[in-house]
Structure formats: C-alpha cells, structure tokens
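What follows is each chain in one-letter form.
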Amino acid sequence: MQKKAVALGNFDGLHIGHKEVIKNALSCKNDGLLPYALLFGEHPLSVIGQTPPRVLMTHDLKIERLRAIGLSVVEFRFGEVMNMAPETFVADILNQRLHAAAVCCGYNYRFGKGAAAGSGDLQRLCSRYGIRTLVSGEVALGGEAVSSTRIRRLIERGEIEKANTMLGRPFSYKLTVIRGDQRGRTMSFPTLNQRFPDGMTVPLRGVYASATRVDGVWKKSVTNIGVRPTVAAAEPGVLSETHIPGFDGSLYGKAVEVELLRYIREERRFGSLDELKAQMRADTLNALR
C-alpha cells in the first residue's frame, strides 16, 4: 500500500487559506506520497443535531475541485469518528486505514470527541507513528483571518469582489438548469434558471456580471439572483437566472457552472414588462463592460 499525504479540514469554498493546506499535501508528491483529502459526507453539526452554516459550495463541486487540483478524495461518515478519542483517530484512521506518512491541516484544525484536540495534539500523536505533520498558519486579508464564515457574510451582503479575493477565484455554483416559464425568451432575453438547494449560501438579491461555463467554454453573462418581483414566479424561493448574450441553446437538465464577478444593482420591481426589458438590456451592457 503506497503511503499518503492526507489533507484534513472541511474545505468549504476552497479559499486561499485552504489552499495552503492543499499545497502542503501536494508538495509531498516529491517524497513519493499520494496526496489525499479526507472529507465527511455530511456536516458534523448536522450529525449532532445542530443547524450547520450555509455552505459555499455543494459537496459534489468540492470533490470535483479537489480532484482537479490534484488530490484524491476519501470520504467517511462523521458518525464513524465523532466519538473517537484523538489517539484513536490518529491510530485507527490516519495510521491503519489511510496509511498516512504525512498529514496537513490548518492552525485551527480540531478533531477527536468534542473537538477536544488541536493541531499541536495532532503533531504529538502523529509523531508516535512516524507521521510527519505540516500545519499551515493563518492567512489574513484586511487584518482579519480568511475564513468560510467571513466569505459567507460578504457574499450575502453582495460584496462579491471582496469574497472572490479571499476565495482566490470567483464565487461559483454548479446547479442543474430547470425549466422556467419562458417569459425571458419572449422578451429576447432567454435565461438559464437554477434553484439554490437548501443549506447553500445565497448571494444578495440583485444583478451580477457573471461568467457561465457552457460545454467547457466560459461565456460572458449577466445573472439575476432573486424572487422575480415584477413577474410572479411559478414556485417560491430564490432563483438564479442567467442570460448569455448570443447563446440560444438548450441546457435543461444539465449541471452548469456560473461565476459571479461583480454586483451591479439591487433587485427591484418594475411598473411594466417594457420597463423590465429596458433594464435587462442596460444590465447586459453593463455586465459585458
């Protein structure tokens, strides 16, 4: 069994702090180790009966991104390890089951029953098995540590450019395109409609300059996040509606990724469909600029 370098963490959003942990794991390839990320299929808080924070990315997109970076992914049910003593987690999971020769984590990593142990404990326990431990320090921007919580707040306030700086890339979501009422098509502004799943971070309602990946190619686009106050929506809830100028294909049922680049304006109700159409035209031109 080839030895592994295991990256530990939740990795929600895969922000620039997470990337320091991942970089350490990838560097271990120079020592002949296979870089892996250990993930839980569900948020630990949901397992213990608490409400977890809204996630920055779906679990499937997180796995896709980790693999694209160069890590393999191993998943456990949190229930398997939640009551383990820190010593047992290192001995049974990291040493025996994963055959780790190196583990990588952030300075604030917690593990063991009740999250009783930290990165210093991890180093001490791993040393018993000859497992090297690489701990990444704090990554800060604007005098504050980069964190998924901080990025989540920015996205919910529409401060998408600040959030993107902390992510190290544009905030994006990859969701299935659903069928709408075709009203945008009748106004010469066909849209890709996507509904945010429960538990996912929803950006501030309004219009964004965006980019949309279609058949592997990124296309300039404009996205409205909202509840369609001018036209009654067929179903309740916040919807992402993306218009790609010049694109008229069908993507129904496909998972399409949309990146939000800049917040343009707030969501508002218009007095008529003609007013709405004129504003959509102006929003599109603004987004393309």
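What comes next is a walk through the structure.

1. Some details on the packing of aromatic side chains
Stage number 1. Scanning the model with the defined rule gives six aromatic pairs in all.
Stage number 2. Geometrically, the ring pair formed by Phe-89 and Phe-111 is tilted, given 5.7 Å between the ring centres and 45 degrees between the ring planes. Taken together, the residues span a long stretch of sequence, with Phe-89 in helix α5 (residues 86-97) and Phe-111 in the loop between β4 (100-106) and α6 (119-127) at a distance of 22 residues.
Stage number 3. Taken together, a centroid distance of 5.8 Å and an interplanar angle of 15 degrees make the contact between Tyr-109 and Phe-111 stacked. Across the pair, exposure class does not vary: Tyr-109 and Phe-111 are buried alike.
Stage number 4. Grouped by ring-pair contacts, the aromatic residues Phe-89, Tyr-109 and Phe-111 constitute a single cluster.
Stage number 5. Over the ring of Tyr-36 we find Lys-4; its NZ or CZ atom is 5.2 Å from the centre of that ring.

2. Quick word on the pairing of strand β13 (residues 255-266)
Stage number 1. Of the strand pairs in this sheet, strand β8 (residues 171-178) and β13 are connected by six bridges, and their pairing is antiparallel. When the bridges of β13 are listed, Ser-172 appears paired with Glu-259.
Stage number 2. Relative to β13, strand β10 (residues 206-214) is paired through eight bridges, and the arrangement is antiparallel. Looking at β13, one finds that Thr-212 is bridged to Val-258.

3. Description of the packing of α5 against α6
Stage number 1. Interhelical geometry of α5 versus α6 gives an angle of 55 degrees and a closest axis separation of 10 Å. For the element pair α5 / α6, the angle class is oblique. The element α5 and its partner α6 pack so that their crossing is right-handed. Across the interface between the two elements, Pro-86, Glu-87, Val-90 and Leu-94 of α5 pack against Leu-122, Leu-125 and Cys-126 of α6.
Stage number 2. Here the residues of the contact of α5 with α6 are counted per class, giving six nonpolar, no polar and one charged.

4. So, the state of the cysteines
Stage number 1. Considering all chains together, one arrives at zero disulfides under this definition.
Stage number 2. With no disulfide of its own, Cys-104 has Cys-28 as its nearest cysteine by sulfur position, at a separation of 4.8 Å.
Stage number 3. On the accessibility criterion, Cys-104 (0% relative accessible area) is buried.
Stage number 4. Not part of a disulfide, Cys-105 finds its nearest cysteine sulfur in Cys-104, a span of 7.9 Å.

5. Focus on the pattern of salt bridges
Stage number 1. Enumeration according to the criterion identifies 13 salt bridges in this entry.
Stage number 2. Between Arg-265 and Asp-283 there is a salt bridge, with the nearest N and O atoms lying 2.7 Å from each other. Taken as a pair, Arg-265 in strand β13 and Asp-283 in helix α10 (residues 273-288) lie far apart in primary sequence, 18 residues in all.
Stage number 3. Arg-265 gets classed as buried once you look at its relative accessible area, which sits at 11%.

6. Here we look at the environment of Arg-262
Stage number 1. Secondary-structure assignment places Arg-262 in strand β13.
Stage number 2. The exposure class of Arg-262 is partly exposed, given its relative accessible area of 31%.
Stage number 3. Separated by 128 residues in sequence, Arg-262 and Leu-134 have C-alpha atoms that sit 36 Å apart.
Stage number 4. Within the local environment of Arg-262, its side chain forms a polar contact with the side chain of Asn-286, the two groups lying 3.3 Å apart.

Calculation rules
Residues numbered from 1 in each chain as written. Predicted model: local features only at pLDDT ≥ 70, side-chain atom pairs only at ≥ 80, totals over all residues. Heavy atoms only, no water. Phe/Tyr/Trp six-rings, centres within 6.5 Å; stacked < 30°, edge-to-face > 60°. Helix = DSSP H or I, 4+ residues; strand = E, 2+ residues; numbered from the N terminus. Buried < 20%, exposed > 50% of the residue type's maximum accessible area, 1.4 Å probe, protein only. Lys NZ or Arg CZ within 6 Å of the ring centre and 35° of its normal. Pairing = 2+ DSSP bridges. Axes fitted to C-alpha atoms, helices over the stretch in contact; angles between N-to-C directions. Parallel < 35°, antiparallel > 145°, perpendicular 65-115°, else oblique. Left-handed = near helix turned anticlockwise from the far one by under 90°. Contact = heavy atoms within 4.5 Å. Nonpolar A, V, L, I, M, F, W, Y, C, P; charged D, E, K, R; others polar. Disulfide = S-S within 2.5 Å. Salt bridge = Lys/Arg side-chain N within 4 Å of Asp/Glu carboxyl O. Polar contact = N/O pair within 3.5 Å; in protein donor to acceptor, adjacent residues only side chain to side chain.

So, to be careful, I would describe these as geometric facts and stop short of saying anything about function.
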